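For reference, the chains in residue letters:
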Amino acid sequence: MKISAFQRRTLRAAFFIIGAACAAFILSASAWTAYRCASPLPAPAGTAAEDLARAVYHELSPQSPFGLARWDGRGWNAEIEPKAEAIAQRVSASAAILIDAETGDILMEKDADMIIPPASMTKLAALYTAFRAIEAGETTFDAVVELPPESWAANIPPGSSLMFLGKGQTVTVRELMEGMAVVSGNDAAIALAVHISGSVQAFTERMNREMEQLGLIQTRFEEPSGLSEFNRTTAREFAAFARIYIREYPEALQAFHSKKSFAYPLPHNEPDNPNSSPVFQRSTNRLLDALEGCDGLKTGFIYESGYNLALTVRRDGTRFISVTMNGAGRGSAEGNFHRIQDGTEMMEWAFAHFATLRLEEPEIQAIRVWKGSKTGIRLIPGHSAVFTAPAGTEAKRLVPRLRIPVSLEAPIEAGTPLGRIEYCEGERVVRSIELIADRSVEKANIAARAADSVAMLVCRMFKIR
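The structure displayed is predicted, hence computed values, not measured ones. (Residues numbered from 1 in each chain as written. Predicted model: local features only at pLDDT ≥ 70, side-chain atom pairs only at ≥ 80, totals over all residues. Heavy atoms only, no water.)

Q: Residue-level account of the overall build of the protein chain, with values.
A: Within the protein chain one finds 12 helices and 19 strands. Contacts spanning at least 24 positions in sequence make up 70% of the contacts within the protein chain whose residues lie at least 6 apart. As displayed, the protein chain has an accessible area near 22,600 Å², and 55% of this comes from carbon and sulfur atoms. (Helix = DSSP H or I, 4+ residues; strand = E, 2+ residues; numbered from the N terminus. Contact = heavy atoms within 4.5 Å. Areas by Shrake-Rupley, 256 points an atom, 1.4 Å probe, with all protein chains shown as cover.)

Q: Got a sec to walk through the nonpolar core? Specific residues and values, please.
A: Core analysis: the biggest nonpolar cluster contains 63 residues, and Met163, Leu176, Met177, Phe241, Tyr245 and Val323 have the highest contact counts within it. When neighbours within four sequence positions are excluded, Met163 is seen to be in contact with Val171, Glu175, Leu176, Gly179, Val183, Gly185, Asp187, Ala188, Phe262, Tyr264 and Gln281. (Core = buried A, V, L, I, M, F, W, Y, C linked by side-chain atoms within 4.5 Å. Buried < 20%, exposed > 50% of the residue type's maximum accessible area, 1.4 Å probe, protein only.)

Q: Could you give me a rundown of the pattern of salt bridges, with the residues and numbers involved?
A: For side chains of opposite charge, pairing can occur when their charged atoms come near one another. In total, this model carries 23 salt bridges according to the counting rule given. Residue Glu109 pairs with Arg236 through a salt bridge whose shortest N-O separation is 2.5 Å. Taken together, the residues Glu109 in strand S3 (residues 105-110) and Arg236 in helix H8 (residues 235-248) connect sequence positions 127 residues apart. Judged by its relative accessible area of 24%, Glu109 falls in the partly exposed class. The partner of Arg401 in a salt bridge is Glu422, with the nearest N and O atoms 2.9 Å apart. With Arg401 in strand S16 (residues 399-403) and Glu422 in strand S18 (residues 417-425), this pair connects stretches of sequence that are 21 residues apart. Connected through shared salt-bridge partners, Arg401, Arg403, Arg420, Glu422 and Glu427 make up one network. (Salt bridge = Lys/Arg side-chain N within 4 Å of Asp/Glu carboxyl O.)

Q: Please give an account of the sheet that holds S18 that cites residues and values.
A: Strands sit in the order S14-S19-S18-S16 across an open sheet of four strands; the sheet is antiparallel. Of all strands in the sheet, those bounded by a partner on one side alone are strand S14 (379-381) and S16. Strand-to-strand twist in this sheet, taken as the mean axis angle between neighbours without regard to direction, amounts to 35°. Strand direction decides the pairing type here: S16 and S18, joined by five bridges, are antiparallel. (Pairing = 2+ DSSP bridges. Axes fitted to C-alpha atoms, helices over the stretch in contact; angles between N-to-C directions.)

Q: So what's going on with the sheet that holds strand S9 (residues 306-315)? Residues and values would help.
A: The strand order across the open sheet formed by six strands is S1-S3-S2-S10-S9-S8, and the pairing between neighbours is mixed. Each end of this open sheet is capped by a strand with a single partner; those strands are strand S1 (69-70) and strand S8 (294-302). Across two bridges, S1 lies against S3 in parallel orientation. Counterpart to Ala69 in the pairing with S3 is Asp105. Relative to the sheet, H8 contacts strand S2 (95-100), S3, S8, S9 and strand S10 (318-327), its axis offset from that of S10 by approximately 145°. Packing against the sheet, helix H11 (residues 332-353) makes contact with S2, S3, S8, S9 and S10, and its axis sits at approximately 35° to S9.

Q: Explain the packing of aromatic side chains to me, using residue names and the numbers behind them.
A: This structure, assessed with the given rule, holds 15 aromatic pairs. With a centroid separation of 5.0 Å and 85° between ring planes, the pair formed by Trp71 and Phe354 is classed as edge-to-face. Of this pair, Trp71 sits in the loop between S1 and helix H3 (80-90) while Phe354 sits in strand S11 (residues 354-358); the two residues are 283 residues apart in sequence, bridging distant segments of the chain. The residues Trp71 and Phe354 share a single accessibility class, namely buried. (Phe/Tyr/Trp six-rings, centres within 6.5 Å; stacked < 30°, edge-to-face > 60°.)

Q: Residues and numbers for the side chain of Glu223, please.
A: Take Glu223: it is sitting in the loop between helix H7 (200-213) and H8. Of the side chains with opposite charge, Lys123 lies nearest to the buried Glu223, which makes no salt bridge, at 7.2 Å. Here the side chain of Glu223 touches Gly226 through a polar contact of 2.9 Å, landing on its backbone nitrogen. In terms of polar contacts, Glu223 uses its side chain to reach the backbone amide nitrogen of Ser228, at 2.9 Å. Excluding residues within four positions of it along the chain, Glu223 makes contact with Thr122, Val200, Thr204, Ser228 and Asn231. (Lys, Arg positive; Asp, Glu negative; His and termini not counted. Polar contact = N/O pair within 3.5 Å; in protein donor to acceptor, adjacent residues only side chain to side chain.)

Q: Just give me the short version of the environment of Pro265, but keep the residues and values in it.
A: Of note, Pro265 is situated in the loop between strand S6 (261-264) and strand S7 (279-282). Of the residues examined, Pro265 reaches a relative accessible area of 8% and is grouped as buried. Separated by 99 residues in sequence, Pro265 and Gly166 have C-alpha atoms that sit 9.1 Å apart. Leaving out residues up to four positions away in the same chain, Pro265 has contacts with Gln169, Glu270, Ser277, Pro278 and Val279.

Q: Describe the environment of Asn336, and please don't skip the residues or the numbers.
A: Here Asn336 is to be found in helix H11. The class for Asn336 is buried, based on a relative accessible area of 15%. Between the C-alpha atom of Asn336 and that of Asn285, which follows or precedes it by 51 residues, the distance is 8.7 Å. Residues contacting Asn336, with those up to four places away along its chain left out, are Thr284 and Arg286.

Q: Please provide a residue-by-residue account of the pairing of strand S19 (residues 428-437), values included.
A: Here S14 pairs with S19 via three bridges, running antiparallel. When the sheet's bridge partners are listed, Ile380 is paired in S19 with Ile436. When S18 meets S19, the two strands line up antiparallel, connected through eight bridges. Counted as the bridge partner of Pro417 is Ile436 from S19. Count of turn residues in the S18/S19 antiparallel hairpin: two residues, of which Gly426 carries a positive phi of about 70°.

Written out as structure tokens, the structure reads:
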């Protein structure tokens, strides 16, 4: 078939137009790719944005109740778990639990969900509520408390633990808190409750609201001293609460819980009777004298609960918390013996086998985001690099390895897991931390998305990062 001159000119023009269009497309794609690859990636989002991203991550990720989880020894040492079971069998208390205070890892437990009256461990929740009131500006440590008659020692049921409050005394919030923490003063608990909330009932309701906000569902109180058999908790929940208490108010340990004795009333407490002699009492927590590193927390006993103890010990940067409940004993001497024995054995076993390991987090570069309203994001750890490890584990032997994508596509929500840090001993991964998006990135407009699709193709063809 013979092609006319007009057809040849038309074909040449068409080829020229197509070629020019292809060249323009290639030039445009190259220019856009170069522009996108040269676009600066974002700086860190800042502490507030990162905290928000982590909050979203924790909300979306399945979490163990109250932040506690069974220690997973498979990556470290699978032989420890049978030893934990042996320790649990030797504990004389009916219910017990042992945790790492920083990580929340459960190292040992025994019937930890048994509901038992906390007895005077209740005062720890009352102290927490008092700290919250002070933090809110409702009172101060140095505020002078007007003692209601129901708080006078003479009006407290016989056999109760007391700091010996009385009519006409001058006493501060700080002194009441110390009396509750050191000698388990039931009179002090009543006086503090009325001072903060106007009545014991109102204060107890506030304590219960605080427990609800912490997510504790089995911990409820009828009054703040611990005398009531209808107060209730579990070893698991109380260990979780003790961990929160120490984390939020670490100053309480030195100010109150580590004190080995208490004297009251002093001359300034009884201005009308300056020659009165104070009553000197030892702390109810006998392990303060018997266990290295012990600096709290609280004992408890009523007949319905047996002998209870919330215990904490810190050595060389590692802190453990144990709770034993329904401990045996036909009197205070025998009950204290078993409390000391259980607490000592659990803690010495913990420090012999575990330590809190703090690892450095590797530097993570920003990651490019295609088809989005922002050029990139940064990945941040969802949790700090703190682990419960077998004692003697050397941090320098664990090498961090990043598992992160080369690039990402919008949309991305802050807090979304997108990678992980693996801490390895040789080829063995012993622990990993998820990496999450530090900010959200919305989809770009349709033109930008189309251009980015081409740029992505070019980058993949030529392996451009």
